[in-house]
Amino acid sequence: MMRKIILFELNEVPWRVVKYYCDKNPDSTFAKILPQCFKYETVTPDQGHLSPWITWPTLHRGVDNTKHGIGDLNQDLEQVNKDYPPIWQILQKNGIKTGVFGSMHSSPVPSDFRKYVFYVPDAFAVDKTAHPEYIEPFQDFNLSMSRESARNVSGGINMKTGSQMLMKVPQLGFKMNTFFDLGKQLLDERKRPWVRTRRRTYQVVLAFDVFMKQMRKSKPQFVTFFSNHVASSMHRYWAATFPGDYKQFDIGKDWVDTYKNEIDFTMNKFDKFFSEMVAFANENPDYKIVVASSMGQASTVAELLDSQLLMGNEAKFFEFLKMDASQWKHVPSMFPIQCYHHTRKGRIFCQSTETYFHCRTAA
Amino acid sequence: MENGFFAVDLGQKNLKEKVIQFDGTNYSFEETGFENMEIDDHSGSTAYHIPEGTLVIYDPQDKSIKKEISQIPSTALVPSIVKNFDIPMPAYLKYQPIAGIN
């Protein structure tokens, strides 16, 4: 019997973190429901360096990166979408009522995106296009906040996109609890400025409200929802949560004490999402919930950073390379990678390592 | 980079030399458009990517207790979803049933 499927994409969360969270929070919905779930450890068969913009297309398309060849955000997908289309494209073209929310490589929108029940492209989309159109102010706000908080979290709120989004609140579906939670966060930031790092998580809290409003409204047969909020926290604060993982640990107790609960904080938000999805599936038992991570994370080096090199003024960078504004165009990507489309003739070689960046030109 | 797509991998950490070398000449960060940003929370990348991930399936019609965790390739999910919807299976997909979906 055909069943409806919610595919929740909990980027990069490994079993290690799931077990850690459930052991520590036995009263959480995830801990209580997990014994009833079918459980798998997935292994991504991709070759070379692993990135979410590689492992998600592998999961979405059912072939590894030696076949799909996707290695960067915003690369041209026209041919690969014909040869190895993502699952949402296969289903939509076969008449299955499908919705997409933020999945990796869902931008640029396909030509038939209005035929989907809803279609909200990933956070690397070049513009705010979304379906239904009233979601666009949310997407605009979401994109602006993502770009302003690539490395350090922006202390401001984009008032232009934020106010446009607020005008659409009734249609978007933000819940009162979400507003209370946001208010609490803003107050907390005044007392403890370091909790600003949690703003990354609140973007997905808002997104999930929009997603569930669409779910209740249109009851699609297959949907995706992508979240990077736990992955982002694991990358930054793994050493604070799991200090025992490291042979050499030169990080001070103050930093560990400050950030040791940040992975828990993000998993708590996931638990709220999971609770809501379970309640929805229990009310609509033709649904199944599939939570996938595409790959996992583990400890690397325990180190603190004072600084990182980034692109501060890209117009100046290209002016320096003797390229005028008509010859290049910024393409959204994930820090620390910068991507551009360009029309320059000749070659520029850029070589970089963790401590070295070098450019040279050639005819 | 050449005619088309150009990606630069930045994020170099705790640089001691505040110059960029270009065509053999040193320039300041400001001259080249780069910025050596101070990191607010001093966090580095203390975790990295591994191939093993998580897949959890909740079926409200089957709440029996399931203890074991099996291992599958991440490429197995799409064919199982295609099979669930009873639509034509693309030839390149390798179908293997996933308990909980099929």
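Asks: How do you make sense of the domain arrangement of chain A when you look at a structure like this?
Replies: Interface extent is often summarised as the accessible area lost during association of the parts. Residues and elements named next belong to chain A. What the domain assignment lists for chain A is domain 1 (4–292) and domain 2 (314–362). Taking the mean C-alpha position of each, domain 1 and domain 2 sit 30 Å from one another. Between domain 1 and domain 2 the total buried area reaches about 840 Å² when both faces are included, carbon and sulfur atoms providing 77% of it. Per-residue buried area on domain 1 facing domain 2 is highest for W53, N74 and F124; these three make up 43% of the total on that side. Counting the contacts that link domain 1 with domain 2 gives zero salt bridges. For the side of domain 1 that touches domain 2, the residue count by class is six nonpolar, two polar and two charged.

Asks: Would you mind going over unusual backbone geometry with me for this structure?
Replies: Both trends apply: most residues other than glycine have a negative phi, and most peptide bonds are in trans. All names here are of chain A. Note that the residue after S107, namely P108, is joined by a cis bond; omega there is -5 degrees. Here P108 is to be found in the loop between β3 (98–101) and β4 (118–120). Here H131 and P132 are connected by a cis peptide whose omega angle stands at 0 degrees. Summarising the element assignment, P132 is placed in the loop between β4 and α7 (136–148). One non-glycine residue, S294, lies in the positive phi region at around 70 degrees. Structurally, S294 is set in the loop between β6 (287–292) and β7 (296–299).

Asks: Can you walk me through the interface of chain A and chain B in this structure?
Replies: Listed by partner, the interface residues are 126 residues for chain A and 82 residues for chain B. When the two sides are added together, the surface that chain A and chain B hide from each other amounts to roughly 10,000 Å², 58% of it contributed by carbon and sulfur. By the criterion of area lost to chain B, the three top residues of chain A are F38(A), Y40(A) and L309(A), representing 9% of everything that side buries. The salt bridge involving K13(B) is made with E303(A); its shortest N-O contact spans 2.8 Å. A per-class count over the side of chain A that touches chain B returns 69 nonpolar, 35 polar and 22 charged.

Asks: Looking at this structure, I do not really get the packing of aromatic side chains. What am I missing?
Replies: For any two aromatic rings, the description comes down to two numbers: the centre-to-centre distance and the angle of the planes. Evaluated as defined, the whole model comprises 35 aromatic pairs over all chains. Note on Y84(A) and Y92(B): the rings are 4.9 Å apart at their centroids and 85 degrees apart in plane angle, and the pair reads as edge-to-face. Here Y84(A), found in the loop between α5 (78–83) and α6 (87–93), pairs with Y92(B), found in the segment after α2 (77–84), and the two come from separate chains. Summarising the aromatic geometry, the rings of Y202(A) and F265(A) are spaced 6.3 Å apart at their centres and angled 50 degrees between planes, so their arrangement reads as tilted. Taken together, the residues Y202(A) in helix α11 (residues 199–218) and F265(A) in helix α14 (residues 262–283) connect sequence positions 63 residues apart.

Asks: Would you mind showing me how to read the environment of T161(A) here?
Replies: Residues and elements named next belong to chain A. Take T161: it is sitting in helix α8 (residues 159–166). On the basis of relative accessible area, T161 is assigned to the buried category, the value being 7%. When the C-alpha positions of T161 and S293 are compared, they lie 30 Å apart, and in sequence the two are 132 residues distant. Discounting residues that sit within four places of it in the chain, T161 has contacts with P137, D140, F141 and S144.

Asks: Help me understand the sheet that holds strand β1 (residues 4–10) of chain A in this model?
Replies: Hydrogen bonds along the backbone pair up the strands of a sheet, which may run parallel or antiparallel. Strand order in the open sheet formed by eight strands is β4(A)-β3(A)-β5(A)-β1(A)-β6(A)-β6(B)-β2(A)-β7(B), with mixed pairing between adjacent strands. Taken across any chain shown, the strands that pair with only one partner, and hence form the sheet edges, are β4 of chain A together with β7 (69–73) of chain B. Neighbour-to-neighbour, the strand axes of this sheet turn through a mean angle of 20 degrees, independent of strand direction. Here five bridges tie strand β2 (residues 38–43) of chain A to β7(B), and the two strands are oriented parallel to one another. Paired with Y40(A) across the strands is S70(B), a residue of β7(B).

Reading guide: rules and limits
- Residues numbered from 1 in each chain as written.
- Chains lettered and ligands numbered in written order.
- Predicted model: local features only at pLDDT ≥ 70, side-chain atom pairs only at ≥ 80, totals over all residues.
- Heavy atoms only, no water.
- Domains from an automatic or database assignment.
- Buried area = accessible area lost by both parts, 1.4 Å probe.
- Salt bridge = Lys/Arg side-chain N within 4 Å of Asp/Glu carboxyl O.
- Nonpolar A, V, L, I, M, F, W, Y, C, P; charged D, E, K, R; others polar.
- Helix = DSSP H or I, 4+ residues; strand = E, 2+ residues; numbered from the N terminus.
- Contact = heavy atoms within 4.5 Å.
- Phe/Tyr/Trp six-rings, centres within 6.5 Å; stacked < 30°, edge-to-face > 60°.
- Buried < 20%, exposed > 50% of the residue type's maximum accessible area, 1.4 Å probe, protein only.
- Pairing = 2+ DSSP bridges.
- Axes fitted to C-alpha atoms, helices over the stretch in contact; angles between N-to-C directions.

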